[in-house]
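Observations on chain architecture
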Amino acid sequence: MGKQHSSSPKVNIENNKNKLSLGELGYETSTLSSLHHLCNNINNAKSISEFEGVIEAFVHQKFGDFFYVLSFFQDTQENDFVFLGNLQESLTNEYLLFLDDKILSSENPILLKDNELMKEAGIVESMILGLQQEFGMKGYLSLHSKKQAVFSEYHRQLLSIISHIIIPRVYFIINKEHHLTQIQSSNKINQVSPFSNLIGVSPTIKEVYKLINLVALSDATVLLLGESGTGKELVAKAIHDTSLRTNRELIKVNCAAIPASLLESELFGHEKGAFTGANQKRIGKFELAHESTLFLDEIGELPIELQVKLLRVLQEKEIERIGGQRTIKVDVRIIAATNRNLEEEVSEGRFRLDLYYRLNVFPITLPPLRERKEDIPLLVAHFIEKYAPKVGKKIKGISNKVLEKLLLHPWIGNIRELEHLIERSILLTTGDIIKQINFAEIPLQNNVEFEIKTLATVEHDYILKVLKLCNGRIFGQNGAAVRLNLPPTTLISKMKKLGIKKEHFVTIN
Ligand SMILES: Nc1ncnc2c1ncn2[C@@H]1O[C@H](COP(=O)(O)OP(=O)(O)OP(=O)(O)O)[C@@H](O)[C@H]1O
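Residues numbered from 1 in each chain as written. Predicted model: local features only at pLDDT ≥ 70, side-chain atom pairs only at ≥ 80, totals over all residues. Heavy atoms only, no water.

- In the annotation of an unreviewed UniProt entry, the entry for the chain reads Sigma-54 dependent transcriptional regulator, and the organism field reads Arcicella aquatica.

**Here's the deal with the site of the ligand**
- Lining the immediate environment of the ligand, one finds 21 residues, of which Ile-199, Ser-228, Gly-229, Lys-232 and Glu-419 sit closest.
- Within the contact set of the ligand, an oxygen atom lies 2.9 Å away from a backbone nitrogen or oxygen of Gly-229.
- Within the contact set of the ligand, a nitrogen atom lies 3.5 Å away from a side-chain nitrogen or oxygen of Arg-372.
- When isolated, the ligand has an accessible area of 630 Å², and the protein chains bury 90% of it.
- Of all elements in the fold, only helix H9 (232–242), helix H15 (376–387) and helix H17 (415–428) reach the threshold of two or more residues within the shell around the ligand.
- By residue number, the principal contributor to the shell around the ligand is H15, which donates 4 residues.
- Of the residues in the shell around the ligand, the class split is 6 nonpolar, 7 polar and 8 charged.
- Viewed by domain, the shell around the ligand spans two of them, domain 2 (181–186 + 370–434) and domain 3 (221–366), each represented by three or more residues. (Near = heavy atom within 4 Å. Polar contact = N/O pair within 3.5 Å; in protein donor to acceptor, adjacent residues only side chain to side chain. Areas by Shrake-Rupley, 256 points an atom, 1.4 Å probe, with all protein chains shown as cover. Helix = DSSP H or I, 4+ residues; strand = E, 2+ residues; numbered from the N terminus. Nonpolar A, V, L, I, M, F, W, Y, C, P; charged D, E, K, R; others polar. Domains from an automatic or database assignment.)

**Notes on the nonpolar core**
- Grouped together as the largest cluster of nonpolar side chains are 31 residues, with contacts concentrated most on Phe-286, Leu-294, Leu-296 and Ile-299.
- Residue assignment for this core shows that the elements contributing at least two residues are strand S8 (251–254), helix H10 (260–268), strand S11 (292–297), helix H12 (304–316), strand S14 (332–338), helix H13 (342–347) and helix H14 (353–359).
- The greatest single-element share of this core, amounting to 5 residues, is contributed by H12.
- What Ile-299 contacts, discounting residues up to four positions off in sequence, is Leu-223, Cys-255, Leu-310, Ala-336, Ala-337, Thr-338, Leu-342, Phe-351 and Leu-359.
- Core analysis: the next-biggest nonpolar cluster, separate from the first, contains 28 residues, Ile-55, Val-59, Phe-66 and Leu-70 among them. (Core = buried A, V, L, I, M, F, W, Y, C linked by side-chain atoms within 4.5 Å. Buried < 20%, exposed > 50% of the residue type's maximum accessible area, 1.4 Å probe, protein only. Contact = heavy atoms within 4.5 Å.)

**A word on the packing of aromatic side chains**
- Counted according to the given criterion, the structure contains 3 aromatic pairs.
- Ring centres of Tyr-356 and Tyr-357 lie 5.9 Å apart, and the angle between their planes is 40 degrees; on these two criteria the pair is classed as tilted.
- Assessed through its relative accessible area of 56%, Tyr-357 is described here as exposed. (Phe/Tyr/Trp six-rings, centres within 6.5 Å; stacked < 30°, edge-to-face > 60°.)

In structure tokens:
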């Protein structure tokens, strides 16, 4: 045990050139008690916002009307960063444009004054402490004042102590916040859906499950309605798999994918020599689907002349091959699907009313993704399980930050869009967690003139455009850094490298 001082306790501070003790610096018991409180409160903070509240209160209590900035970032391309502070945004931008690596890598707090850029921003003095690379993170903590000669050795010491208290906790919280939407095991996914291929627990998808169960065992014709990529084909399969016809193969025809001239033969078959090129007899999908289910996808695209023939088959339950002389009895259960509004098609004369009635016996409307956002975590886990093994990757899940982005994304309706996004992200992920997701897709247009530019030029122009769009803001929710998914410090160093200056993106009125 070391010797205890009876009056003011002495705490030696590492990394301090002068090796002064708190007692010698005139630290009051109240300061030590504030530090003790800070420690406790920081250790109890469970999220970055709680943490911010603690720091805010401490700075206010101990440093009065100083401004502060605390920024942490992981020194990798991953976009883990924390940026806290009460410096008003315009000042923050100015100030950070001014910070450079020399300042950030200094071991001791640095006092800055009389700097033109800072003066412009209304700051007279700043004390900045670069937080040394620890736990794979680096950053800085800084105090700023609009008054002169306010910083002393006391502040330098205090900054050093605080940094040692906060870094491990920030690291812990960031790590916790970024991990993880874990992959649900297949078993778990199956527990939450009665159909092996359908994922979801939202009220809207549960309504669909109910309807599938109601209709599956009957032979009733089902009409699946819903926007593109909402799972109509999967529901058709679920109905077939739950029906008594499940031991026979589900037969599918995509009415939009086959040229109208070939569709009739595809559906009903033809006899040898029925038309030029019919060198062999062909069995149509109706015959193949005998005692099974025929899924007519994109039924809204069926040419009007074939609509008459289909209607007759549905009524008579018999077909005639093209060029054939006899009728063939078929026992087929029909499930049709469309993303068109069939009533509108009928009123505009593109779809026969009688066929519409025939098909619309048991309609099921599939909810778009925007109405079942609560299913996104499960769907993501499902797609990771589906695609990661295909490219030999072991992905454990996605970070909460990415999940948050997915939940906030204005999904149109298409689950296929989410699926492709996850598939792409798996390919781009280097670790075992998807930490980055990129919604931006640039459509390729062959007829647009294409000018080859250097990557630096493209990056320069793009960053500038985003900065202008963000009204020159770098920080905050509406700032360029968040929009570009970059730590502000990375954006700022890119700007410096590319020669982007404030006057390029800030318009002075
Ligand atoms: N509930 C769901 N659970 C799991 N995956 C789903 C679900 N719904 C849709 N998907 C996925 O979304 C994609 C689109 O589904 P599907 O082809 O069934 O949609 P669709 O409505 O028939 O599309 P389209 O109208 O374009 O033919 C599929 O790859 C499927 O994996």
